[in-house]
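So you can see what is in the structure, the chains are spelled out below.
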Amino acid sequence: MKFTKVHVSDEVRRELRKQSFDNWQWDDPEMLILLRQMYIDLNLIGKLNIDINVLHEWLYEVYRNYNIVPFHNFKHCFMVAQMMYGLTWLIDLPSKLDTLEIFTLITSAICHDLDHPGYNNAYQINAKTELALRYNDISPLENHHCAVAFDILKKDKTNITKDFSRDQFKRFRDGMIRCILATDMAKHNEILNSFKTIIPYFDFNDKEHKSVLMMVLMKVSDISNEARPLSVAMPWLDCLLTEFFNQSDLEKLEGLPVAPFMDREKVSKSSSQVGFIKFVLLPLFETVGKLFPQLENAIIEPVRDALAYYTEMQRALEEEKAKKDS
Ligand SMILES: COc1ccc(NC(=O)[C@H](C)Nc2nc3c(cnn3-c3ccccc3C)c(=O)[nH]2)cc1
Ligand SMILES: [Zn+2]
């Protein structure tokens, strides 16, 4: 199918770079065009000699490999890619990382949850699924997302890396594997601590430093819904809790352990978000803000506002509960 005729207006291209971008106004085919536009505007087509029609076939094949699940679906992949794209411009990454590293970040963001079943690693391991067996309980989902990504790139029709040199492909493959595996929240503290350690002497010419930074940028892009306007973020929280509640309902049916933050009897939107923002999101964002002060206004302030919003919601809920009990 020839999509080269489709033109994206300058106004939409500007909007696409902002944290305020509202995905709920766009349908899936339009989001595929916007993902393609990101590669064009990052100047990756020319510099890496990517065939625009192969790029579109690849995007369509990626789209087909995301599942119809409440949260970890193609729209989530788009939002993570769009946050990564916005961060790229916000912190001027093209002046700090090379073209292949920029390509690795946006491509990893798009592929990072491929074929997600809607049930997390804890479920895979406890239910002894095929994925847990194949990956020996070691980040089964993230290993699978990455393997599916490279399966798609193996086919000539959807191989956007076909003109890469052997060295370029090797660097890209190492980078994408590290970026996708970094999205396993079980690695959260390990990655954040290694980033904290190197910040005082961060060196953009140091390969290892850049690799840790790329993993952190994947993490920020993956869990940053609360940095977006409430009208965009709130529906995402509903999708997330729907997926979490589906899992905990199934775990109860199957007599498997149930995580408290997934149990519909125990979780309220406000309590889960207050804890998550205070203990996971803000510490991560404030750490990255030490290296890139531009994050302060663009994503840290909105997250502080979200924390205030959910804290107030939690207080009001508790007050109401106290009244009912009295
Ligand atoms: C350390 O591992 C963790 C830590 C926290 C959580 N999640 C939470 O505490 C709660 C349910 N909230 C939450 N979780 C979120 C959000 C965005 N992504 N995300 C998420 C989704 C799937 C898996 C893990 C996370 C953090 C969000 O805005 N809120 C899940 C896993
Ligand atoms: Zn994700």
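Residues numbered from 1 in each chain as written. Chains lettered and ligands numbered in written order. Predicted model: local features only at pLDDT ≥ 70, side-chain atom pairs only at ≥ 80, totals over all residues. Heavy atoms only, no water.

## Side note on the overall build of the protein
In terms of helices and strands, the protein carries 15 helices and zero strands. At 20 Å, the protein has a C-alpha radius of gyration in line with the 20 Å of a compact globule built from 326 residues. A principal-axis box enclosing the C-alpha atoms of the protein has dimensions of 70 × 45 × 40 Å. Within the protein, buried positions represent 52% of all 326 residues. Partitioning the contacts of the protein with sequence separation of at least 6, the portion at a separation of at least 24 is 74%. Carbon and sulfur atoms make up 55% of the accessible area of the protein, which totals about 15200 Å². (Helix = DSSP H or I, 4+ residues; strand = E, 2+ residues; numbered from the N terminus. Rg over C-alpha atoms; globule rule 2.2 N^0.38 Å. Buried < 20%, exposed > 50% of the residue type's maximum accessible area, 1.4 Å probe, protein only. Contact = heavy atoms within 4.5 Å. Areas by Shrake-Rupley, 256 points an atom, 1.4 Å probe, with all protein chains shown as cover.)

## A closer look at the site of ligand 1
Near ligand 1 the following residues occur: His72, Met185, Ile223, Glu226, Leu240, Phe244, Phe261, Gln273 and Phe276. Separating a nitrogen atom of ligand 1 from a side-chain N or O atom of Gln273 is a distance of 2.7 Å. If you list the elements that add at least two residues to the shell around ligand 1, you get helix H13 (230-253) and helix H14 (269-291). When its residues are assigned to classes, the shell around ligand 1 shows six nonpolar, two polar and one charged. (Near = heavy atom within 4 Å. Polar contact = N/O pair within 3.5 Å; in protein donor to acceptor, adjacent residues only side chain to side chain. Nonpolar A, V, L, I, M, F, W, Y, C, P; charged D, E, K, R; others polar.)

## Considering the nonpolar core
By size, the foremost hydrophobic cluster in this structure holds 103 residues, and its most contacted members are Trp58, Ile110 and Phe195. It is helix H5 (residues 74-90) that contributes the most residues to this core, ten residues altogether. Non-local contacts of Trp58, meaning those with residues more than four positions away in its chain, are made with Tyr39, Thr107, Ile110, Cys111, Ile152, Leu153, Thr158 and Ile160. (Core = buried A, V, L, I, M, F, W, Y, C linked by side-chain atoms within 4.5 Å.)

## Considering the packing of aromatic side chains
Scanning all chains against the criterion turns up 22 aromatic pairs. Look at Phe21 and Phe78: their rings are 5.7 Å apart centre to centre, the planes differ by 50°, and that puts the pair in the tilted class. You can see Phe21 sitting in the loop between helix H1 (10-15) and helix H2 (28-41) and its partner Phe78 sitting in helix H5, a full 57 residues away along the chain. The exposure class assigned to Phe78 is buried, which follows from its relative accessible area of 0%. Plain terms: the ring middles of Tyr66 and Phe74 are 6.4 Å apart, the flat faces sit at 65° to each other, and that makes the pair edge-to-face. Summarising the burial analysis for this pair, Tyr66 and Phe74 share the class buried. What links up through ring pairs into an aromatic cluster is the set Tyr39, Trp58, Phe103, Phe150, Phe164, Phe169 and Phe172. Just above the ring of Trp89 sits the side chain of Arg17; from NZ or CZ to the centre is 3.8 Å. For Arg173, the ring lying beneath its charged end belongs to Phe150, and the centroid distance is 4.5 Å. (Phe/Tyr/Trp six-rings, centres within 6.5 Å; stacked < 30°, edge-to-face > 60°. Lys NZ or Arg CZ within 6 Å of the ring centre and 35° of its normal.)

## Focus: the confidence of the model for the protein
The share of residues in the protein with pLDDT of 70 or more is 99%, and the mean pLDDT across the chain is 97. Across the interfaces of the predicted complex, the ipTM metric reaches 0.93, alongside a pTM of 0.97. (pLDDT = per-residue confidence, 0-100.)

## Looking at the coordination of the zinc ion (ligand 2)
Perfect tetrahedral coordination of a metal by four donors corresponds to 109.5 degrees between them, and perfect octahedral coordination by six donors corresponds to 90 or 180 degrees. Ligation of the zinc ion (ligand 2) by protein atoms is provided by His76 (NE2), His112 (NE2), Asp113 (OD) and Asp222 (OD), these donors lying 2.1 to 2.2 Å from the ion. Coordination at the zinc ion (ligand 2) comes from four donor atoms whose angles at the metal span 82 to 170°, giving a geometry best classed as irregular. Sequence spacing of the donors to the zinc ion (ligand 2): H-x35-H-D-x108-D. Taken together, the positions of His76 in helix H5 and Asp113 in the loop between helix H6 (99-111) and helix H7 (121-126) put the pair 37 residues apart, joining distant regions of the chain. No difference in accessibility class separates His76 from Asp113, as the two residues are buried. (Donors = N, O, S within 2.8 Å, 3.2 Å for Na, K, Ca; no water. Tetrahedral: all angles 85-135°; square planar, octahedral: opposite > 155°, others 65-115°.)

## A short note on the environment of Thr287
As for its position among the elements, Thr287 is in helix H14. On the accessibility criterion, Thr287 (4% relative accessible area) is buried. Separated by 71 residues in the primary sequence, Thr287 and Val216 place their C-alpha atoms 9.9 Å from one another. Beyond its immediate chain neighbours, meaning those up to four positions away, Thr287 contacts Leu192, Phe195, Lys196 and Ile199.

## Focus: the side chain of Gln247
Tracing the backbone through its elements, the reader meets Gln247 in helix H13. Judged by relative accessible area, Gln247 falls into the buried class, the value being 1%. With near-sequence residues (within four places) excluded, Gln247 lies in contact with Gly118, Tyr119, Asn120, Tyr123 and Met262.

## Here's the deal with the side chain of His76
For His76, a relative accessible area of 1% corresponds to the buried category. Side chain to side chain, His76 and Asp222 meet in a polar contact 3.0 Å long. For His76, the residues in contact, after removing those within four places along its chain, are Phe71, His112, Asp113, Asp222 and Trp236.

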